[in-house]
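# Structural overview for review
The chain contents come next:
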Amino acid sequence: MHDQAQRLRSMVAQANRAASGRETRVITISSGKGGVGKSNFTLNYALALAEQGKKVVILDADVGFANIDVLMGVKPKQTLAELIRKEATLWEILETGPMDIKFIAGGSGFQDLLDLQPEQFDYLVEQLGQLQGYADYVLIDTGAGLNAQSLRLILAADEIFVVLTPEPTSITDAYALIKMVVNRDPSAHLKLLVNRAQTVGEGREAADKVSLVAERFLNLKIPMLGILPDDPNVTKSVKQQIPFYIAHPETTASRSLKQMIQTQLHGEAEQDAPPKGMKQFLHRMVRLFR
Ligand SMILES: Nc1ncnc2c1ncn2[C@@H]1O[C@H](COP(=O)(O)OP(=O)(O)OP(=O)(O)O)[C@@H](O)[C@H]1O
Ligand SMILES: [Mg+2]
């Protein structure tokens, strides 16, 4: 009898841990220049994390241009806009993609955020807050450049990935974005992702250019997330509407991504600040709106 009670207690404790044990890390994926590969990166990064057993939710915040859904050939039935209008719950707007990644289409929702009534905001926070403990990662794909809305998504996140390519314009625009973010929040956790590098050397050179200027003028060390190669299979998979990590698992982009994730997950505990999570993210969003 005593044993049974104890077993029950330990089962309850385990269930509680499972329910609240995930530390939800909110990452906003941004870039200065558009078209550098943010959406493709976000989706395939999510898949590579899912492969490592992580629960990932993507929030598509690119207003106007639905992206992630097109890239994976899934048509969302409902969007954040329905949630904001209180016509749907979180679980109703959460779409499922390949490898069981979850996905929320922003629709016109993110624009609506700008003029929300307080009770709508409360509902939004209550609903999206349920991602806390459910997801290991919430990845927010933003549109190109910096507007009032993407700046909020950036400033509220645990981490900001700045995607750039080795093109000079992309490098200067990445720095301009970083400067603007750091002016607003000097403690922002930024990381650099160089996409479409012809060689690892070229990728490193691009990252060095940004980080040297940031160190000199902003007194800021920006760690590197990684380098992804320019890979024709990425474009092919966009046309096929199948993420490259699934359509071409052995291509150079997929292999680099896998290696990046493994290195990252291995070192995460030591390097990264513990995530503040989804609830904190939403609270910071609210503060930034008011
Ligand atoms: N690693 C890569 N190798 C080759 N081509 C790539 C790579 N990454 C992205 N591309 C190409 O760049 C195009 C744009 O990518 P994507 O839509 O992901 O960029 P984005 O930064 O999200 O754009 P936007 O700023 O408009 O949201 C893709 O359709 C693909 O053809
Ligand atoms: Mg995009």
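Scope of this entry: the structure provided in the associated data block. (Residues numbered from 1 in each chain as written. Chains lettered and ligands numbered in written order. Predicted model: local features only at pLDDT ≥ 70, side-chain atom pairs only at ≥ 80, totals over all residues. Heavy atoms only, no water.)

### Looking at the site of ligand 1
- Ligand 1 sits among 18 residues. The nearest are Gly-35, Lys-38, Ser-39, Asn-40 and Asp-231.
- One of the backbone nitrogen or oxygen atoms of Val-36 is found 3.1 Å away from an oxygen atom of ligand 1.
- Within the side chain of Thr-235, an N or O atom sits 3.2 Å from an oxygen atom of ligand 1.
- At the level of secondary structure, the elements contributing two or more residues to the shell around ligand 1 comprise α2 (38-51), β7 (190-197) and α11 (232-240). (Near = heavy atom within 4 Å. Polar contact = N/O pair within 3.5 Å; in protein donor to acceptor, adjacent residues only side chain to side chain. Helix = DSSP H or I, 4+ residues; strand = E, 2+ residues; numbered from the N terminus.)

### Some details on the pattern of salt bridges
- By the definition in use, this model includes 14 salt bridges.
- Between Glu-159 and Arg-25 there is a salt bridge, and its shortest N-O distance comes to 3.2 Å. With a gap of 134 residues between them, Glu-159 in strand β6 (residues 159-164) and Arg-25 in strand β1 (residues 25-30) connect regions that are remote in the sequence.
- Among the residues examined, Glu-159 registers a relative accessible area of 3% and is labelled buried. (Salt bridge = Lys/Arg side-chain N within 4 Å of Asp/Glu carboxyl O. Buried < 20%, exposed > 50% of the residue type's maximum accessible area, 1.4 Å probe, protein only.)

### Digging into the sheet that holds strand β3 (residues 95-96)
- Strand order in the open sheet formed by eight strands is β3-β4-β2-β5-β1-β6-β7-β8, with mixed pairing between adjacent strands. What marks the edges here is a single partner per strand, and that holds for β3 and β8 (224-229). (Pairing = 2+ DSSP bridges.)

### Some words on the packing of helix α9 (residues 168-184) against helix α10 (residues 200-218)
- Contact pair α9 / α10: the axes reach a minimum separation of 10 Å and the direction vectors enclose 35 degrees. Read as a crossing pair, α9 and α10 show a hand that is right-handed. Along its contact with α9, which presents Ile-171, Tyr-175, Ile-178, Lys-179 and Val-182, the element α10 presents Ala-206, Lys-209, Val-210, Val-213, Ala-214, Phe-217 and Leu-218.
- Along the lines of polarity and charge, the residues of the contact of α9 with α10 split into 10 nonpolar, no polar and two charged. (Axes fitted to C-alpha atoms, helices over the stretch in contact; angles between N-to-C directions. Left-handed = near helix turned anticlockwise from the far one by under 90°. Contact = heavy atoms within 4.5 Å. Nonpolar A, V, L, I, M, F, W, Y, C, P; charged D, E, K, R; others polar.)

### Remarks on the packing of aromatic side chains
- Per the stated rule, a full pass over the model turns up four aromatic pairs.
- Between Tyr-45 and Phe-161 the ring centres are 5.6 Å apart and the planes differ by 85 degrees, which places this aromatic pair in the edge-to-face class. On the criterion of sequence distance, the pair formed by Tyr-45 in helix α2 and Phe-161 in strand β6 is long-range, its members being 116 residues apart.
- Residue class for Tyr-45 comes out buried when judged on its relative accessible area of 0%.
- Consider the rings of Trp-91 and Tyr-134, whose centres lie 5.1 Å apart with planes at 75 degrees: the pair is edge-to-face. Placement of the pair is Trp-91 in helix α5 (residues 90-93) and Tyr-134 in the loop between α7 (118-128) and β5 (137-141), with a sequence separation of 43 residues.
- For Trp-91, a relative accessible area of 40% puts it in the partly exposed group.
- Here Tyr-134 falls in the partly exposed class, since its relative accessible area comes to 22%.
- Three or more aromatic residues link up through ring pairs in this structure, and these residues are Phe-41, Tyr-45 and Phe-161. (Phe/Tyr/Trp six-rings, centres within 6.5 Å; stacked < 30°, edge-to-face > 60°.)

### Describing the packing of helix α8 (residues 148-156) against α9
- Viewed as axis vectors pointing N to C, α8 and α9 meet at an angle of 65 degrees, and their least axial separation amounts to 11 Å. The crossing of α8 and α9 is right-handed. In this structure, α8 contributes Leu-151, Ile-154 and Leu-155 to the contact, and α9 contributes Leu-177, Val-181 and Arg-184.
- When grouped by side-chain class, the residues that make up the contact of α8 with α9 number five nonpolar, no polar and one charged.

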